[in-house]
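Residues per chain are reported as follows:
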Amino acid sequence: ISMKIESGKITAFVGLSGAGKSTIINLLDKFYEPDCGSIKLDGVDLREYDTQYLREHIGLVLQKNHIFEGSIEENIRYGRPDATHEEILEAAKKAYVYDQIMELPKKFETLATELSGGQQQRIAIARMFLKNPPIMILDEATSALDNESEFEVAKSLNKLSEGRTTITIAHRLSSIKNSDRIIVLTEDGITEEGNHEKLMELRGMYYQ
């Protein structure tokens, strides 16, 4: 595959399971390096970037997120260790999880591992708000949420996406149809690309 992900735009990847969507995400975040070819960020090969520096500037929300054995506050603070308590509260509000946390007996001191899958997903999204990175990668970021919660969180993520480079993977049409560019992947590579309206007019794989 060959593609260009534009700065400040929302690029979405769609395709059936096994098409390589998550593999691309892992390569972009440098979890592993390509065997051949190259990935360049601002014209510089990703291999030349310091991995820690790179990841400090990328926010990542996955279908299954890294929630560790610690309090909710500690798990959100993981996005930016020097954040104040007030900033953590604000991030939780933006991720629409603040009210649910405040209903818990220990509130922000509750163990994050005791939360439901949907709540843990929101903790990861709150972490993203706190980090406020120039590049966001969302891999099925709202998959564990019900429709109402997804709508609320999607609104927040759309606001956060403004002016920054966003890469998203989702199966729900509502999560991707407002993307600036949608790339349709199969095992053979890229089969279609364009915005939602253009791809619907093609009546091809995306339309199906």
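In what follows, the structure referred to is the one given above.
Here the structure is a predicted model, which is why all the values come from computation and not from measurement.

## Side note on the overall build of the protein
Item 1. Per the secondary structure count, the protein includes nine helices and eight strands.
Item 2. Here the C-alpha atoms of the protein give a radius of gyration of 18 Å, agreeing with the 17 Å that 2.2 N^0.38 yields for 208 residues.
Item 3. Residues classed as buried in the protein amount to 46% of the 208 residues present.
Item 4. Counted over contacts in the protein with a minimum sequence separation of 6, partners at least 24 positions apart contribute 64%.
Item 5. Only carbon and sulfur atoms are counted for the fraction: they give 48% of the accessible area of the protein, which is about 11600 Å².
Item 6. On the protein, the mean spot of the 25 positive side-chain charges and the mean spot of the 34 negative ones are 2 Å from each other.

## Quick look at the sheet that holds strand β4 (residues 58–61)
Item 1. The six strands are arranged β4-β5-β6-β1-β7-β8 in an open sheet whose pairing can be described as mixed. On the outer flanks of this sheet lie β4 and β8 (189–194), each paired with one strand and no other. Direction aside, neighbouring strands of the sheet carry axes that sit 15 degrees apart on average.
Item 2. Two strands pair when backbone bridges link them, and strand β1 (residues 10–14) and strand β7 (residues 181–186) are joined in this way by four bridges, in the parallel orientation. Considered in β7, the bridge of Ala 12 is made with Ile 182.
Item 3. Across the face of the sheet, helix α1 (residues 21–28) comes into contact with β1, β4, β5 (135–139), β6 (165–169) and β7 while running at roughly 150 degrees to β6.

The rules behind the values
Residues numbered from 1 in each chain as written. Predicted model: local features only at pLDDT ≥ 70, side-chain atom pairs only at ≥ 80, totals over all residues. Heavy atoms only, no water. Helix = DSSP H or I, 4+ residues; strand = E, 2+ residues; numbered from the N terminus. Rg over C-alpha atoms; globule rule 2.2 N^0.38 Å. Buried < 20%, exposed > 50% of the residue type's maximum accessible area, 1.4 Å probe, protein only. Contact = heavy atoms within 4.5 Å. Areas by Shrake-Rupley, 256 points an atom, 1.4 Å probe, with all protein chains shown as cover. Lys, Arg positive; Asp, Glu negative; His and termini not counted. Charge placed at Lys NZ, Arg CZ, Asp CG, Glu CD. Pairing = 2+ DSSP bridges. Axes fitted to C-alpha atoms, helices over the stretch in contact; angles between N-to-C directions.

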